[in-house]
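# Structural description and commentary
Each chain is listed here by its residues.
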Amino acid sequence: MKRLTVLVTVLLILAAIDAGSAPGRRLFLNVISPPLAYSDSQVDTKLVRLLTRESNMSVSIVDQKNQILPVFPVDYHNTDSLLEWGREAGGRYVMVVEVTSQRLERRKSFHLPLVFHKYETVGVIEGEFRLLDLNRSRLLAAEPFKIERKGSRIFQATMDDDVNDPDLHLTAPAKVRFFDQLEESLCQHLANRVGSLAGNR
C-alpha cells in the first residue's frame, strides 16, 4: 500500500511538471512559401530541427494537413487573430514565416573600366517573420529578412560584357543544393532571432 501511494505521488508530480513545462516552451510554426521551380521548400522542417536543438522548444508545424489544431487565421498579419488562435491551441509562442521571394540574380559586382569586370550569380530569399508571446499577449517581432548567398562567378574582358554567360548558369542538381544551403542560412538566422527574443522565459 505504501509503495502504491509513493508511485501515485511520483506520477502526479511528473504529470504536473509535464503539464507546466510543455506549454511553457511550445511554439507553433506556420511557414508560407511560394512554390519553387527547382525543389520543394524545406524551411519548416529545417526550422523545427534548429529550434528544438538550439532553443530547447517543442515545435508544432501548423499547416492544412493538421486536423488536430484549430484552423489557422487567414489574416496572419492580424496580431489579435494570432493571439486568439494561439490561446485556443494552447502553446506559448506563435511564429509565422512568410517567404515572399526565393530567386537567383546575376549581378555585375566589380568593374575596372576598359579592362575587365566580374559577374556573379547570387541566391536571394526574402520575406518577413513574426513571433508572438501568448503568455504576455505581445508581438515580440515583426521583421523583414533578406538572406543572400553567392554562387558561380566569372571575369570577363570589358568588351564582352555578357550577363548571360553560360558559366554563370547552375545545373538543375546544383540549383537544388544551392537553394538548400540558402534555406539553411535563413533558418539559422531565424533560430538565432527566436533564441534572442524568447530566451528561456
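These numbers come from a predicted model, not from an experiment.

## Observations regarding the side chain of Glu 98
With respect to the secondary-structure elements, Glu 98 resides in strand 3 (residues 93-112). No salt bridge forms around the buried Glu 98; measuring N to O, its nearest opposite-charge neighbour Arg 130 is 6.4 Å away. A polar contact of 3.1 Å, which involves the side chain of Glu 98, links it to the side chain of Tyr 76. Dropping the residues within four chain positions of it, Glu 98 is found in contact with Ile 32, Tyr 76, His 77, Glu 126, Gly 127, Glu 128 and Phe 145.

## Here we look at helix 3 (residues 79-89)
What helix 3 keeps buried is the set Leu 82, Leu 83, Trp 85, Gly 86 and Ala 89. In a view along the axis of helix 3, the buried residues occupy a sector of 165 degrees, so they form one face of it. Facing away from the buried surface of helix 3 by more than 90 degrees, the exposed residues are Asp 80, Glu 84 and Glu 88. Its side-chain oxygen at 3.0 Å from the backbone nitrogen of Asp 80, Asn 78 defines the N-terminal cap of helix 3.

## What to know about the pattern of salt bridges
Charged atoms that come close allow side chains of opposite charge to pair. Applying the stated criterion to the full structure yields 9 salt bridges. Ionic pairing is found between Arg 193 and Glu 143, a salt bridge with its closest N-O pair at 2.5 Å. Placement of Arg 193 in helix 4 (residues 172-198) and of Glu 143 in strand 5 (residues 138-157) is noted, with a sequence separation of 50 residues between them. Owing to a relative accessible area of 22%, Glu 143 belongs among the partly exposed residues under this scheme. With a shortest N-O distance of 3.9 Å, Glu 148 and Lys 146 are connected by a salt bridge. Taking relative accessible area as the criterion, Glu 148 reaches 40% and is therefore assigned partly exposed.

## Topic: the confidence of the model for the chain
Averaged over all residues, the pLDDT of the chain is 78; the fraction at 70 or higher stands at 69%. The low-confidence segment residues 2-23, where pLDDT is below 50, has 4 contacts with residues more than four positions distant or belonging to other chains.

Cut-offs used in this document
- Just so you know, the residues in each chain are numbered from 1, in the order the chain's sequence is written.
- A pLDDT threshold of at least 70 governs which residues receive local features in this predicted model, and a stricter bar of 80 or more applies before side-chain atom pairs are shown or counted, although totals over entire chains, interfaces and linings include all residues.
- To get the side-chain values, all heavy atoms of the structure are used, and hydrogens and water are removed first.
- What counts as a helix is a DSSP run of H or I of at least four residues, what counts as a strand is a run of E of at least two, and both are numbered from the N terminus.
- Partly exposed residues are those whose accessible area sits between 20% and 50% of the maximum for their type, while under 20% is buried and over 50% is exposed, using a 1.4 Å probe and protein chains only.
- Under this rule, positive means Lys or Arg and negative means Asp or Glu; His and the chain ends count for nothing.
- Just to be clear on terms, a salt bridge is a Lys or Arg side-chain nitrogen sitting within 4 Å of an Asp or Glu carboxyl oxygen.
- Any pair of N or O atoms that falls within 3.5 Å is considered a polar contact. Within protein, one atom must be able to donate a hydrogen and the other to accept it, and sequence-neighbouring residues count only if both atoms are side-chain atoms.
- Contact definition: two residues touch when any of their heavy atoms are within 4.5 Å.
- Regarding the arc, it is the one traced by the directions from the helix axis to the C-beta atoms.
- pLDDT gives the predictor's per-residue confidence on a scale running from 0 to 100.

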